[in-house]
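Chain by chain, the residues:
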Amino acid sequence: MSQEWWSQQWLDLLDKYRFKKRLERARNYARQGNVLNIEFKEQKVLAQVQGTQPEPYTVSFWLDIFSDEEWDYIIATLSQRAIFSAKLLAGEMPQDIEDVFAANGLRLFPFSLDNVHSECSCPDKVNPCKHIGAVYYMLGDRFSEDPFVLFQLRGRTQEQIIKTLRQLRGQSEDEINAATAEEITVKSHSNSPKLDLFWNYSEQLDSALVVITPPPSSETVLDVLGAIPLAPITVTYNNHSASSATDIVMQYLETVYKNVSQQAVLVALNREET
């Protein structure tokens, strides 16, 4: 199953872990349903993972939360662009969301596993153990379904963020969506090609790279398409009698095509010389 980019970024942290066999066991635990349940209690993740013992182990996760002052700065920065508000309202993580946090000297996504705090009730002294790793993989799926879970681990719920965004913008959800549509339309028009100038090239060509040569073959489009199926009537042309008009028309067009081809080469050569 494909992952949303923000969910994949979370999983990439775990993939950097050097104990690959431990990670494989953790991935199998997640796939086989050993993670019995996951719940979010304020800014903490609590889970039950079934191991080799009869009783499941208790796993807990948490990140460093941001202060109220830091969140005020973050949401104020988010509110300055309608596209951020609209995507968050739609349950999507804006692609450049990390820039907002970086502008305030923070990171939404953990930089490394050392920034993810976790505990497990199993006897394994190594962290992350396979039970923690299994929950970590499961959280990737949860983030994909609801990106606001990651915000919650940093100290703000979806309701708090959306409410503050609307207060700062003074707009309803429909107005935010309308502003976003306008912003996308402006970007689309600014990046769209000018059709009337599509075939124009205003730069000076390097004469060393331009070579004018006659066609490699005398074959014209008439040879490719074949004879024109005209009515089989007798026509006199240049004092010669033909069995049908097709021969006369084809002879005439062949002369025209050859003349046009020759003239095109002559015009190109003359322009190159000037």
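Scoring rules and cut-offs
- Along each chain, the written sequence defines residue order, and numbers are assigned to residues from 1.
- At least 70 in pLDDT is required for a residue's local features to be given in this predicted model, at least 80 for side-chain atom pairs to be given and counted, and no such filter applies to totals for whole chains, interfaces and linings, which use all residues.
- Only hydrogens and water are set aside; all other atoms, that is, all heavy atoms of the structure, feed into the side-chain values.
- Each aromatic pair joins two rings of Phe, Tyr and Trp (for Trp, the six-membered one) with centres within 6.5 Å, and gets the label stacked for planes under 30 degrees apart, edge-to-face for over 60, and tilted for any other angle.
- Numbering of helices and strands starts at the N terminus; helices are DSSP runs of H or I of at least 4 residues and strands are runs of E of at least 2.
- Burial classes follow relative accessibility: with a 1.4 Å probe on protein chains only, a residue under 20% of its type's maximum area counts as buried, one over 50% as exposed, and anything between as partly exposed.
- Here, a salt bridge means any side-chain nitrogen of Lys or Arg that lies within 4 Å of a carboxyl oxygen of Asp or Glu.

Caption draft 1: Local environment of the packing of aromatic side chains. By the definition in use, this model includes seven aromatic pairs. Relative to F101, the ring of F66 has its centre 5.9 Å away and its plane inclined at 45 degrees; by these criteria the two rings are tilted. Here F66, found in the loop between β3 (57–63) and α3 (68–79), pairs with F101, found in helix α5 (residues 97–103); they are 35 residues apart in sequence, far enough to count as distant. With respect to burial, F66 and F101 carry one shared label: buried. Arranged with centres 5.6 Å apart and planes meeting at 40 degrees, the rings of F148 and F151 form a pair that is tilted. Of this pair, F148 and F151 both sit in helix α7 (residues 148–153), three residues apart, which is roughly one turn of the helix.

Caption draft 2: Expanded view of the pattern of salt bridges. The final tally for this structure, using the stated rule, is four salt bridges. We note a salt bridge from D124 to R22, for which the minimum N-O separation is 2.7 Å. Here the residue D124 occupies a position in the loop between β4 (116–120) and α6 (130–145), and R22 occupies one in helix α2 (residues 20–31), the gap between them amounting to 102 residues. Close ionic contact of D72 with R156 constitutes a salt bridge, the shortest N to O distance being 3.9 Å. With a gap of 84 residues between them, D72 in helix α3 and R156 in the loop between α7 and α8 (158–169) connect regions that are remote in the sequence. For R156, a relative accessible area of 10% corresponds to the buried category. Salt bridges here are not isolated pairs; linked through shared partners, they connect D68, D72 and R156.

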